[in-house]
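Summary of structural features
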Amino acid sequence: MRDTMIPYRRSLYCVLLVALIGAPGLEAWEQISWTGEVTAGFSTTFTCSSSCRPNCTYTWTFEGRTVNGSTLIWAPNGLENTVVLQCNVLNPETGVSSSMSSVVEIKNRVSVQLSPRNTVPSLDRPLDLVCHGAPSGDPSHLENEVVWYKDGQKVTLRENMQLLQNNLTLHFDSPLPSDAGFYLCESSVPTLQQMRVFSLGYLLSFDPWVVSISGRDTVFPGRLNKFTCLTSCTLNVDCTVRWEFRDGFPTGTYFAVHQNKLLWTPSIPGTVQNFTCIAENTAVGRSAEATKMVEVKGVPVSGSEAVPLCGLLTMIVSVGLLVLFDP
């Protein structure tokens, strides 16, 4: 469903699986496609296409559910920021089947934010958590009700807490150490279905930020590795993340950074690479960082010389598999 309130660039996303079946040409293919961003609370139509003919059956599997048909209409509820969609194709005449998967990124327009935003939570000062992006209708109507959760449980108001502005604001007169935790709000979104969605979460902490980097300490040439900067602050709300390579830029056949995620395929064994992740909020002068040392072991992979990145479109070709990434 098109949202007329917040325009966005409409683009076609697709993932294409090409099977090479012992012939110089392309004999079979399967594709998952959709248009525009996938947003919590809003329906998106996904289409599974293939070269299978004539009366093939299509089945979708995702989040423990199964849906029949080549078209899937689905609206995420906001609890996940990615989902794996799998399309299975069966030719009932030959019994031949194939499947492919696509990782779909989910946007969320509802979030829990600290108010004022550029403040540091303190035990000796009042603070507000705001359910940002939720409609401000009459809370007596169930479709407009905002529900707050802490650490997965509904919030129980204590003497130092109040709900303000039609429940959009959770106010703390004087926060207690026990008020620290992970907060979510649940609200409706302005669609015809008035679907309920869960917000992006906020980790309320009165301690210094904690930053760590997940991923392997030992890697091997020619293998793709993923590293993630984990922070106790909420990304793009309380803090932003940047990477530094103080002992030299990584050498390899593939390297990409997107916010708190880093992908790297090393090429030279016997080397050590240091990754430093910095979480910061320059407006309030707050920051924290972590450094991870990664050792490259093994022997060089044939043809693993460093190659330049190709910008907005990266193409990876392996035996029988062609994958297109649109970062």
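One structure accompanies this document, and this report is about it. Just so we're clear, the structure is a prediction, and the values are computed from it rather than from any experiment.

1. Looking at the overall build of the protein chain
- Of the regular secondary structure elements, the protein chain holds zero helices and 28 strands.
- Taken over 327 residues, the protein chain has a buried fraction of 38%.
- Considering only contacts within the protein chain whose residues lie at least 6 apart along the sequence, 56% involve residues at least 24 apart.
- A total of about 18200 Å² of accessible surface is found on the protein chain, and carbon and sulfur atoms cover 55% of it.

2. Some thoughts on the pairing of strand 4 (residues 44-50)
- On strand 4, burial follows the alternation: Thr44, Phe46, Cys48 and Ser50 on one face are buried, whereas Thr45, Thr47 and Ser49 on the facing-out side are not.
- Relative to strand 4, strand 2 (residues 28-35) runs antiparallel, the two sharing four bridges. Residue glutamate 30 lies in a different strand from strand 4, and its bridge partner there is serine 50.
- Strand direction decides the pairing type here: strand 4 and strand 7 (residues 71-74), joined by four bridges, are antiparallel. Note that in strand 7 the partner of threonine 44 across the bridge is tryptophan 74.

3. Some points on the sheet that holds strand 8 (residues 82-90)
- Judged by pairing direction, the sheet is mixed, and its five strands sit side by side in the order 3-9-8-5-6 without closing on themselves. Strand pairing shows two members of the sheet lacking a second neighbour, strand 3 (38-39) and strand 6 (65-68), which therefore form its edges.
- In this sheet, strand 9 (residues 97-107) lies alongside strand 8 in antiparallel orientation, the contact comprising nine bridges. For valine 84, the partnering residue across the bridge sits in strand 9 and is valine 103.

4. A few points about unusual backbone geometry
- Put simply, arginine 53 and proline 54 share a cis peptide bond, and its omega is 0 degrees.
- Counting through the fold element by element, proline 54 comes out in the loop between strand 4 and strand 5 (57-62).
- Phi is positive for asparagine 166, which is not a glycine, with a value near 55 degrees.
- The topology assignment puts asparagine 166 in the loop between strand 14 (161-164) and strand 15 (169-172).

5. Things to note about the pattern of salt bridges
- Throughout the structure, instances matching the rule amount to nine salt bridges.
- A salt bridge links arginine 246 to glutamate 244, with the nearest nitrogen and oxygen atoms 2.7 Å apart.
- Judged by relative accessible area, arginine 246 falls into the partly exposed class, the value being 47%.
- Owing to a relative accessible area of 23%, glutamate 244 belongs among the partly exposed residues under this scheme.
- What you see here is one network of salt bridges that share partners, running through Arg242, Glu244, Arg246, Glu280 and Glu289.

6. Describing the side chain of asparagine 108
- Along the polypeptide, asparagine 108 turns up in the loop between strand 9 and strand 10 (111-115).
- Here valine 110 takes part through its backbone nitrogen, which lies 3.0 Å from a polar atom of the side chain of asparagine 108.
- A polar atom in the side chain of asparagine 108 sits 2.8 Å from the backbone oxygen of phenylalanine 198.
- When sequence neighbours within four positions are dropped, the list of residues in contact with asparagine 108 reads Ala40, Gly78, Phe198, Ser199 and Leu200.

7. Some remarks on the nonpolar core
- Grouped together as the largest cluster of nonpolar side chains are 21 residues, with contacts concentrated most on Leu129, Cys131 and Trp148.
- Those elements that provide at least two residues to this core are strand 10, strand 11 (127-132), strand 15, strand 16 (181-188) and strand 18 (202-204).
- Per-element tally for this core: the top contributor is strand 11, with three residues.
- Residues contacting cysteine 131, with those up to four places away along its chain left out, are Val110, Ser111, Val146, Trp148, Leu168 and Cys185.

8. Describing the environment of phenylalanine 46
- Residue placement: phenylalanine 46 occurs in strand 4.
- Here phenylalanine 46 falls in the buried class, since its relative accessible area comes to 0%.
- For the pair formed by phenylalanine 46 and threonine 71, sequence separation is 25 residues and the distance between their alpha carbons is 5.7 Å.
- Setting aside its immediate chain neighbours within four residues, phenylalanine 46 contacts Ser33, Trp34, Val38, Trp60, Ser70, Thr71, Leu72, Trp74, Leu85 and Val104.

Conventions used here
Sequence order sets the numbering: in each chain, residues are counted from 1 along the sequence as written. Restriction of local features to residues with pLDDT of at least 70 applies here, the model being predicted, together with a cutoff of 80 or more for giving and counting side-chain atom pairs; totals for whole chains, interfaces and linings are based on all residues. Remark: hydrogens and water are excluded; side-chain values derive from all non-hydrogen atoms of the structure. Numbering of helices and strands runs from the N terminus; a helix is a DSSP stretch of H or I covering at least four residues, while a strand is a stretch of E covering at least two. Relative accessibility thresholds used throughout: buried, under 20% of the residue-type maximum; exposed, over 50%; partly exposed, between the two (1.4 Å probe, protein chains only). The criterion used for residue contact is that any of the two residues' heavy atoms lie within 4.5 Å. We get accessible surface area from the Shrake-Rupley algorithm with a probe of 1.4 Å; when it comes to residues, only the shown protein chains can shield them. Strand pairing requires that DSSP identify at least two bridges connecting the strands. By definition here, a salt bridge exists when the distance from a side-chain nitrogen of Lys or Arg to a carboxyl oxygen of Asp or Glu is within 4 Å. Polar contact is defined as a pair of N or O atoms within 3.5 Å, subject to the rule that within protein one atom must be able to donate a hydrogen and the other to accept it, and that residues adjacent in sequence are counted only when both atoms are side-chain atoms. Throughout this description, the term nonpolar core refers to a set of buried Ala, Val, Leu, Ile, Met, Phe, Trp, Tyr and Cys residues connected via side-chain atoms within 4.5 Å.

Read these as spatial facts, not as claims about activity.
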